[in-house]
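Notes for the structure review
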Amino acid sequence: MIEKEMFNEIMKLFPDFNYQKEFYDEYRSYPTVDGLLHLAYSQLCESAGMMIMYYGADYRSAINPEIGDEFRKLEKKEDEIFGEFIKFFDFYYKYRTYSTQYKEASFEDYLELNYKTNKSP
């Protein structure tokens, strides 16, 4: 079952979340490809958002963020942030082929379709 494989991969890609919480029961019990694509996107948003926040705090507190050790520290954090996006894009493009809705969708198409689907009336 591809959905079980997807859920396990999401847990490996974004390990900072407590997947034992009740919130994840639906994804575990009744997984769908489209739902798991959305879960992975949600995990990316939260994970990368926190990383960007910490990066901003470190940048603002740096005495000279353009050179030396502070620069290298910030560069490493940038690489980690981009790494989060790369993990998600690899996941999305691997599993979208199993989706009825997003099979041929680029990521931009996914965002547009997802926005239209989740837009409140």
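An account of the accompanying structure is given in this report.

Conventions we followed
- Note on numbering: residues in each chain are counted from 1, in written sequence order.
- In keeping with the predicted nature of the model, local features appear solely for residues at pLDDT of at least 70, side-chain atom pairs appear and are counted solely at 80 or more, and the whole-chain, interface and lining totals rest on all residues.
- Heavy atoms throughout the structure, all of them, feed into the side-chain values; hydrogens and water do not.
- Buried Ala, Val, Leu, Ile, Met, Phe, Trp, Tyr and Cys residues that are joined via side-chain atoms within 4.5 Å together make up what is termed a nonpolar core.
- Only protein chains enter the accessibility calculation, which uses a 1.4 Å probe; a residue whose area is less than 20% of its type maximum is buried, one above 50% is exposed, and one in between is partly exposed.
- Runs of H or I in DSSP of at least four residues are treated as helices and runs of E of at least two as strands, each being numbered from the N terminus.
- The contact definition used throughout considers only heavy atoms, calling two residues in contact when any of these lie within 4.5 Å.
- Here the aromatic set is Phe, Tyr and Trp, taking the six-membered ring for Trp, and pairing holds for ring centres within 6.5 Å; pairs whose planes are under 30 degrees apart are stacked, those over 60 apart are edge-to-face, and all others are tilted.
- The criterion is that NZ of a Lys, or CZ of an Arg, lies within 6 Å of the ring centre and within 35 degrees of the ring normal, and then a charge sits over that ring.

A closer look at the nonpolar core
- Of all hydrophobic cores here, the largest spans 25 residues; its most connected members are Met6, Ile10, Phe14, Leu37, Phe91 and Tyr92.
- At the level of secondary structure, the elements contributing two or more residues to this core comprise α1 (2–13), α3 (33–61), α4 (68–95) and α5 (107–118).
- The dominant element in this core, judged by the number of residues it contributes, is α3, at seven residues.
- In this view, phenylalanine 14 contacts Tyr19, Ala40, Gln43, Leu44, Ser47, Glu84 and Phe88; residues no more than four positions away in its chain are not counted.

Quick word on the packing of aromatic side chains
- Summed over all chains, the structure comprises 20 aromatic pairs.
- Ring plane angle 50° and centroid distance 4.8 Å describe the contact between phenylalanine 91 and tyrosine 95, whose orientation is recorded as tilted. Note that phenylalanine 91 and tyrosine 95 are positioned in helix α4 at a spacing of four residues, about one turn of the helix. Each of the two residues, phenylalanine 91 as well as tyrosine 95, counts as buried.
- Between lysine 87 and the ring centre of phenylalanine 14, over which it is positioned, the NZ or CZ distance is 5.3 Å.

Nothing here speaks to function; it is geometry throughout.
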